[in-house]
Amino acid sequence: MNKIIEKQQLSETVFKFVVEAPLIAKSRKPGNFVILRIGEKGERIPLTIVDSDLEKGTITLIVQTVGATSAKLCKLNTGDFITDLVGPLGKATHVSKVGTLLAMGGGVGNAPLLPIVKAFKEAGNRVITVLAARNKDLIILEDEMRKYSDELIVMTDDGSSGRKGLVTDGAEEVIKREKIDECIAIGPAIMMKFAAMLTKKYNIPTQCSLNTIMVDGTGMCGACRVTVGGETKFTCVDGPEFDAHKIDFDELLKRLGAYKKEETEAKNH
Amino acid sequence: MTENTDKLEQERNESWRAELRNSMPMKDRVAIERVKMNEIPPEERIKSQTCEVNTGLTEEQAVLEAKRCMDCPKPTCIEGCPVNINIPKFIKNIERKNFAAAAATLKDYSSLPAVCGRVCPQEKQCEAKCSYLKMKKEPVAIGYLERFAADYERTSGNTQIPKINAPNGIKVGAIGSGPSSLSFAGDMIKLGYDVTVFEALHAIGGVLKYGIPEFRLPNAVVDAELDNLARMGVKFEKNFVVGRTASFEDLKEAGYKAFYVGSGAGLPNFMNIPGENLNGVMSSNEYLTRVNLMCANCDDTDTPVMHGKVVAVVGGGNTAMDSVRTAKRLGAERAIIIYRRSREEMPARLEEVKHAIEEGIEFLNLHNPIEYLPNAEGRVAKVRLQKMELGEPDASGRRKPVPIEGAIEEIDIDIAVVAIGVSPNPLIPACLKGIKVTRKGTIEVCEETMQSALPEIFAGGDIVRGGATVILAMGDGRKAASAMHDYLSKK
Ligand SMILES: Cc1cc2nc3c(=O)[nH]c(=O)nc-3n(C[C@H](O)[C@H](O)[C@H](O)COP(=O)(O)OP(=O)(O)OC[C@H]3O[C@@H](n4cnc5c(N)ncnc54)[C@H](O)[C@@H]3O)c2cc1C
Ligand code: FES
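Attention in this report is confined to the structure presented alongside it. The structure displayed is predicted, hence computed values, not measured ones. (Residues numbered from 1 in each chain as written. Chains lettered and ligands numbered in written order. Predicted model: local features only at pLDDT ≥ 70, side-chain atom pairs only at ≥ 80, totals over all residues. Heavy atoms only, no water.)

**Topic: the site of ligand 1**
Residue and element names in this part refer to chain B.
Part 1 of the reasoning: Neighbouring residues of ligand 1: 35 residues in total, closest Val119, Glu199, Arg216, Asp462 and Val470.
Part 2 of the reasoning: Within the backbone of proline 179, an N or O atom sits 3.3 Å from an oxygen atom of ligand 1.
Part 3 of the reasoning: Within the backbone of alanine 468, an N or O atom sits 3.2 Å from an oxygen atom of ligand 1.
Part 4 of the reasoning: Going through the elements one at a time, helix H11 (179-190), helix H16 (318-329), helix H18 (427-430) and helix H20 (470-490) are the ones with two or more residues in the shell around ligand 1.
Part 5 of the reasoning: In terms of residue count, the dominant contributor to the shell around ligand 1 is H16 (three residues). (Near = heavy atom within 4 Å. Polar contact = N/O pair within 3.5 Å; in protein donor to acceptor, adjacent residues only side chain to side chain. Helix = DSSP H or I, 4+ residues; strand = E, 2+ residues; numbered from the N terminus.)

**So, unusual backbone geometry**
Part 1 of the reasoning: Of note, the amide linkage connecting glycine 87 of chain A to proline 88 of chain A takes the cis form, showing an omega dihedral of -5°.
Part 2 of the reasoning: Mapped onto the fold, proline 88 of chain A is located in strand S7 (residues 84-89).
Part 3 of the reasoning: Going from glycine 239 of chain A to proline 240 of chain A, the amide bond is cis rather than trans, its omega being 10°.
Part 4 of the reasoning: Mapped onto the fold, proline 240 of chain A is located in the loop between helix H7 (235-238) and strand S16 (241-243).
Part 5 of the reasoning: For asparagine 84 of chain B, which is not glycine, the phi dihedral falls at a positive 50°.

**Regarding the interface of chain B and chain A**
Reports often express the size of an interface as the amount of accessible area lost when the parts come together.
Part 1 of the reasoning: Across the boundary between the two partners, chain B contributes 42 residues, which contact 43 residues of chain A.
Part 2 of the reasoning: Three residues, Arg244, Asn277 and Asp302 of chain B, lead the burial of chain B against chain A; their summed loss comes to 22% of the area buried on that side.
Part 3 of the reasoning: Applying the counting rule to chain B against chain A returns three salt bridges.
Part 4 of the reasoning: Inspection of the region where chain B meets chain A yields 20 residue pairs in polar contact (both at pLDDT 80 or more).
Part 5 of the reasoning: Looking at the side of chain B that touches chain A, the elements that each hand over two or more residues are strand S5 (267-268), strand S6 (281-283) and helix H15 (284-293) of chain B.
Part 6 of the reasoning: Of the residues forming the side of chain B that touches chain A, the biggest block, four residues, is contributed by H15 of chain B. (Contact = heavy atoms within 4.5 Å. Buried area = accessible area lost by both parts, 1.4 Å probe. Salt bridge = Lys/Arg side-chain N within 4 Å of Asp/Glu carboxyl O.)

**Focus on the packing of aromatic side chains**
Part 1 of the reasoning: In this structure the tally under the stated criterion is ten aromatic pairs over all chains.
Part 2 of the reasoning: Seen in terms of ring centroids, phenylalanine 234 of chain A and phenylalanine 270 of chain B are 6.3 Å apart; in terms of plane orientation they differ by 85°. Their pairing is edge-to-face. Placement of the pair is phenylalanine 234 of chain A in strand S15 (residues 231-234) and phenylalanine 270 of chain B in the loop between S5 and S6, with the two residues belonging to separate chains. Comparing phenylalanine 234 of chain A with phenylalanine 270 of chain B shows no difference in burial state: the two are buried.
Part 3 of the reasoning: Centre to centre, the rings of phenylalanine 99 of chain B and phenylalanine 148 of chain B are 5.1 Å apart; their planes meet at 85°, and the pair counts as edge-to-face. Taken together, the residues phenylalanine 99 of chain B in helix H8 (residues 99-109) and phenylalanine 148 of chain B in helix H10 (residues 142-156) connect sequence positions 49 residues apart.
Part 4 of the reasoning: Members of the aromatic cluster, joined through ring pairs, are Phe198, Phe240, Phe248, Tyr256 and Phe259 of chain B.
Part 5 of the reasoning: It is arginine 68 of chain B that lies over the ring of tyrosine 132 of chain B; its NZ or CZ is 4.5 Å from the centre. (Phe/Tyr/Trp six-rings, centres within 6.5 Å; stacked < 30°, edge-to-face > 60°. Buried < 20%, exposed > 50% of the residue type's maximum accessible area, 1.4 Å probe, protein only. Lys NZ or Arg CZ within 6 Å of the ring centre and 35° of its normal.)

**A look at the sheet that holds strand S10 (residues 367-374) of chain B**
All names here are of chain B.
Part 1 of the reasoning: Taken in spatial order, the three strands of this open sheet run S10-S11-S12, and their pairing is antiparallel. Strands with a single pairing partner mark the edges of an open sheet, and in this sheet they are S10 and strand S12 (399-412). Taken pair by pair, the neighbouring strands of this sheet meet at an average axis angle of 20°, ignoring direction. (Pairing = 2+ DSSP bridges. Axes fitted to C-alpha atoms, helices over the stretch in contact; angles between N-to-C directions.)

**A few points about the environment of alanine 71 of chain A**
All names here are of chain A.
Part 1 of the reasoning: Position of alanine 71 among the secondary structure elements: in helix H2 (residues 68-75).
Part 2 of the reasoning: Here alanine 71 falls in the partly exposed class, since its relative accessible area comes to 25%.
Part 3 of the reasoning: Residues alanine 71 and methionine 197 lie 126 residues apart in sequence; the distance between their C-alpha atoms is 33 Å.

**Some points on the pairing of strand S5 (residues 58-64) of chain A**
All names here are of chain A.
Part 1 of the reasoning: The element S5 is largely enclosed, with a buried count of six among its seven residues.
Part 2 of the reasoning: Where strand S2 (residues 14-20) and S5 come together, seven bridges link them in antiparallel fashion. The residue of S5 that forms the bridge with phenylalanine 15 is valine 63.
Part 3 of the reasoning: Pairing geometry for strand S4 (residues 44-53) and S5, over four bridges, is antiparallel. Bridge assignment links aspartate 53 to a residue of S5, and that residue is threonine 58.
Part 4 of the reasoning: As consecutive antiparallel partners, S4 and S5 are separated by four residues, and within that stretch glycine 57 has a phi angle of approximately 70°, a positive value.

Rendered as structure tokens:
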């Protein structure tokens, strides 16, 4: 049982939670995630650790209400408890001094992106961040990102904030303008697919962090399978970050919808 | 661990045993038919995932079956048992209706008799060595009797908590909460150690909880054992991945002096054939975890599980049987085993195969999947099968299945469950510098002591043996406890 210390609404559907988890706070690295469960009948879902506070022994999680579990979590308040929380899981991001990093975030993907942007900045890189969402209200963590970015570009589908256009539009301008040494793209699978296509065109090494379906998160079930460079990998233990140019995004997109039928038909509560 | 024969003989010569032997002529004993296990009828039991198939023996049945045991002077059954339980002693206690003493005898050798009585492959172990076989008769139902004695104790309400030495204040950790770690923990707590079991999942029990379904091993049986351990003082830390949540160094700093690694062989193997990542194709671990650990088949839980009219399960072991029978219980019209060898070579427990047949499971033996084919939505719709025939014996002594050239067929399926084996979880070996692992990724240990190349690390169960059995995992835990005690006492 882990206590919620703080809750904050970031957008209509996105909430930030600060949760007591001293051991995880101590051992987590950028790129790691946790698996949590709400209630004895709950399912296990993965969430990226966005930040941690060693002194307070807390970790920060950011959740968008998409399914039953995220909705349950978002209904919890400060002082409530999360039934089960385990982590840190997954491989940490390989952070090094590469020169200039171009970070692309889409929607709630900004949450897992933030600790990586922060780590690259702290490692002495020049960091350019492009954030994108459908509209102004859905852009999250803009201020935090700005803090750790040398330049921040905001893109919205409707132009209600920043410039009108897709994340890839903003990113391509930057790529054409200056030398980019490495890219990272985190967001909806379809966005990452197009981001990967873009950077492949320019031959820039790129990582994506995948949010596959998971059950245990410890390598035990294979629900999180993904094909990378023709080989099957388990996202929870081999990832969640992979070489974007080798990921089979079409398979990933299909696998993300594997339980659509079951979730809507059998369990509409 | 074979018990010295003198002690066995001494016990056999105790007056009550001798009297019991003489109380009934041998020819009357051998004339008794082997007891049949009481079972819920197939039509009824397939309606529920949690309805235990075997309901156990009645007292009369157990006592009568116990009479069949001839209390042989050279009890070969003991040799067949991986932990050398004094089988005649516990059975003769059942015959004289001292069921508590029977249970106590079992507990001297095994920390989980109620579990082993249900899941051990007795037909390959103790019962395979029973003297009745030499007379071309069915062996004594040792497994049923083990279950009877253990269940008697559990349901009698006065489970004996073993004597516990005064606490010595020495902290030791067990990693994983499967049968191996649990038996280690039980022995160490008795010796007075301060024992903590760390488990990555949110439930304690390892495969006993997430893998083996309740129709074969009810959670209540496992929970009773866990309760006992907790009452004895064992501490449990759930949601704790050793090597992640805290490192071995962190734990050592927190005062842990030695560790037992019972982290199992949790990684599911796939065949690496085309189409294996299609939706609808999954590992048996995923299928069983969703149902057994997450209760995905219940209406009021959040975890989904796929339902299908035709479910194909690839493999011939216990995991495959558990998966295919789960599919039947989840409403599959056709639940099919696909196995590349013949029925005789299936590694599953005999009883599970028998139960599966009764439940209407179909068997496609000598067939091997070579590809999964999708429907328009990209979900699995067909499996292509290569027909096989048996060739020369291979390294395992079983005849090797070889493809029959050109004999390929396709069957329509909705779900495929891959149950072709597991590999050790690499996390622990990867975070222990200096530990020795085999080519298969299992941890290398000294066979007698279960001590690894790092003196403070002991290991056993599936992480050392690859996918093995509950009884072997349990035996390893006990061996390690006794060796770790020696090691820590000398330090
Ligand atoms: C479906 C199925 C059916 C089976 N049927 C039978 C049967 O009928 N008879 C039989 O004898 N055997 C059977 N087996 C095999 C038997 O269950 C195993 O051999 C036995 O459970 C191994 O015990 P163990 O303690 O080594 O590991 P496990 O039971 O696998 O337990 C290991 C535990 O360690 C945890 N863990 C792993 N890494 C870490 C870490 N770093 N930190 C914390 N925790 C960790 C895992 O989450 C897991 O819970 C079956 C197996 C399966 C999967
Ligand atoms: S989530 Fe189960 S193996 Fe990755």
